[in-house]
There are 2 protein chains.
Amino acid sequence: MSELRHIALPEPTLRRLPWYLAYVNLLSAQGVEYVSSTRIAKAIKVDASQIAKDLSFLNLRGRTRIGYEVKDLVRVLTDFLGFKRRHNTFMMGVGSLGAALIQDSGLAQYGLHIVAGFDVNPLRIGTSISGVPIYHVSELRQRQAEYEAEVGVLAVPVENAQEAADALIGGGIRAIWNFTPFRIKAADDVVVQNTSIYSHLAVMYNRMDARRGIDTLERDESGSI
Amino acid sequence: MSELRHIALPEPTLRRLPWYLAYVNLLSAQGVEYVSSTRIAKAIKVDASQIAKDLSFLNLRGRTRIGYEVKDLVRVLTDFLGFKRRHNTFMMGVGSLGAALIQDSGLAQYGLHIVAGFDVNPLRIGTSISGVPIYHVSELRQRQAEYEAEVGVLAVPVENAQEAADALIGGGIRAIWNFTPFRIKAADDVVVQNTSIYSHLAVMYNRMDARRGIDTLERDESGSI
């Protein structure tokens, strides 16, 4: 498996794998032993051929008439996705979002272990959140020697995003999970994963508005008949 | 603006708009009056022509040699993105992630006001989190009459995701922000926004592993010289 993990899959495929895992975990809990790509397709609304293609990247192939072994899917997907491996993580910014993420024990279930938080607010420094100690940003390098964090999460205000990213990179961290809507700059050897949940809100609001627009249009049309 | 909001923009454009807003908010705070698409491009690493195209959807056009008025960009983007409008919201599931999201006051700054939480755990029902009351799921319809929520956030375990979505839809909610990795089914008139932050983790881990793979390769190659 370890060499398999080094394959950089297409991002759309990577994003679908956790959906497959969530579904086959359910099947596994229900005692289901085999599942066809058609059945997965029906459950999660992705083309069966796409599913077969995605799984073939992981050398998973279904058998004619029987399909995939559920146990195999669970094992290979879990291992490949890295959710069982521990990734020590620093939280940059322990304001509202940062503190919330520290308190979400779900992240640890997916392999992200937040081991320390950093902030510049004197009221926060020296405290702890759910057992995670909070230090001043200036201590980052020193704490890195102790914790060997692989990942840094950015949950600082937009105006401090670049500076906070630079501090993480300066401390030797090579993967940044960026929750700010700011597009940080980093050298090519740094992995930057942008997860601006507020951008998703914008997409959702726009769809809601568009829907209302259509509703209005439909009402207008029916009114004119 | 209201008719503008009813245009369903391409999703990639919609996702970029909050980046532009974050950047021009910064410029505005710094007292900058005009900005060119080239300058925005340099700051956030998106092609200048793409930026001009995205902004033209909102009838924003830069003037030759002067560029865009920062004040205009802030106003139009903020209005279009819906962050200033109040969207009453129900939280389904107030376990670790749900409780964390309720505590993230950042969401309210982006127009998402969580007014009530729902759960089935008797220990949680009747309590409140950051002032938000927690009710039993069976009370959803009744509470909806009181709160008129537009949005429901799904933060329940995967095995309850569909059931919780059905309860929201049954209560008249037409927009679901799904934080579970489960692909819920809903009628076409329901907006479903999937934000599986754990899927982003998988993407990030894979890139980290791929990077390590490349590092190993490079080391091997230099060793063989």
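Just so we're clear, the structure is a prediction, and the values are computed from it rather than from any experiment.

Across the boundary between the two partners, chain A contributes 72 residues, which contact 72 residues of chain B. Interface area for chain A against chain B, summed over the two sides, is near 6,700 Å², with a carbon-plus-sulfur share of 62%. Area buried by chain A at its contact with chain B is led by R183, H200 and Y205 of chain A, which between them contribute 11% of it. Linking chain A with chain B are 4 salt bridges, by the criterion used here. The salt bridge involving D209 of chain A is made with R85 of chain B; its shortest N-O contact spans 3.0 Å. Remark: the boundary between chain A and chain B carries 36 residue pairs in polar contact (both at pLDDT 80 or more). Among the elements of the structure, α2 (11–29), α3 (37–44), α5 (70–81), α6 (96–103), α7 (106–109), β8 (175–178), β9 (191–194) and α10 (197–224) of chain A are those that each provide at least two residues to the side of chain A that touches chain B. The dominant element in the side of chain A that touches chain B, judged by the number of residues it contributes, is α10 of chain A, at 17 residues. Of the residues assigned to the side of chain A that touches chain B, the class counts are 40 nonpolar, 15 polar and 17 charged.

Rotating chain A by 180° about the axis while translating it 0.0 Å along that axis superimposes it on chain B, leaving an RMSD of 0.0 Å. Taken together, the turn and the small shift mark the pair as related by a two-fold rotation axis. Identified as the residue of chain A closest to the rotation axis by C-alpha distance is A100 of chain A, at 2.2 Å. Interface overlap between copies: 100% of the residues of chain A at the interface are likewise at the interface in chain B, consistent with a symmetric, same-surface contact.

In this section: the packing of aromatic side chains. As enumerated under the stated definition, the model contains 16 aromatic pairs over all chains in all. On the numbers, 4.8 Å between centres and 65° between planes, the contact of F90 of chain A with F118 of chain A is edge-to-face. Within this pair, whereas F90 of chain A is found in strand β3 (residues 87–92), its partner F118 of chain A is found in strand β4 (residues 112–119), the two being separated by 28 residues in sequence. Residue F90 of chain A shares its accessibility class with F118 of chain A, and that shared class is buried. Relative to Y147 of chain A, the ring of Y135 of chain A has its centre 6.5 Å away and its plane inclined at 45°; by these criteria the two rings are tilted. Taken together, the residues Y135 of chain A in strand β6 (residues 132–136) and Y147 of chain A in helix α8 (residues 140–147) connect sequence positions 12 residues apart. Residue Y135 of chain A shares its accessibility class with Y147 of chain A, and that shared class is buried. Taken together, the ring pairs connect F83 and Y110 of chain A together with Y198 and Y205 of chain B into an aromatic cluster.

Located in the positive-phi region is K45 of chain A, a residue other than glycine, with phi close to 60°. Topologically, K45 of chain A is positioned in the loop between α3 and α4 (48–56). Backbone geometry at R65 of chain B places phi at a positive 65°, although glycine is not the residue there. The residue R65 of chain B is located in the loop between α4 (48–56) and β2 (68–69) in this model. Classification of R65 of chain B by relative accessible area gives exposed; the value is 87%.

Rules and cut-offs
- Residues numbered from 1 in each chain as written.
- Chains lettered and ligands numbered in written order.
- Predicted model: local features only at pLDDT ≥ 70, side-chain atom pairs only at ≥ 80, totals over all residues.
- Heavy atoms only, no water.
- Contact = heavy atoms within 4.5 Å.
- Buried area = accessible area lost by both parts, 1.4 Å probe.
- Salt bridge = Lys/Arg side-chain N within 4 Å of Asp/Glu carboxyl O.
- Polar contact = N/O pair within 3.5 Å; in protein donor to acceptor, adjacent residues only side chain to side chain.
- Helix = DSSP H or I, 4+ residues; strand = E, 2+ residues; numbered from the N terminus.
- Nonpolar A, V, L, I, M, F, W, Y, C, P; charged D, E, K, R; others polar.
- Least-squares fit on C-alpha atoms with pLDDT ≥ 70 in both.
- Phe/Tyr/Trp six-rings, centres within 6.5 Å; stacked < 30°, edge-to-face > 60°.
- Buried < 20%, exposed > 50% of the residue type's maximum accessible area, 1.4 Å probe, protein only.

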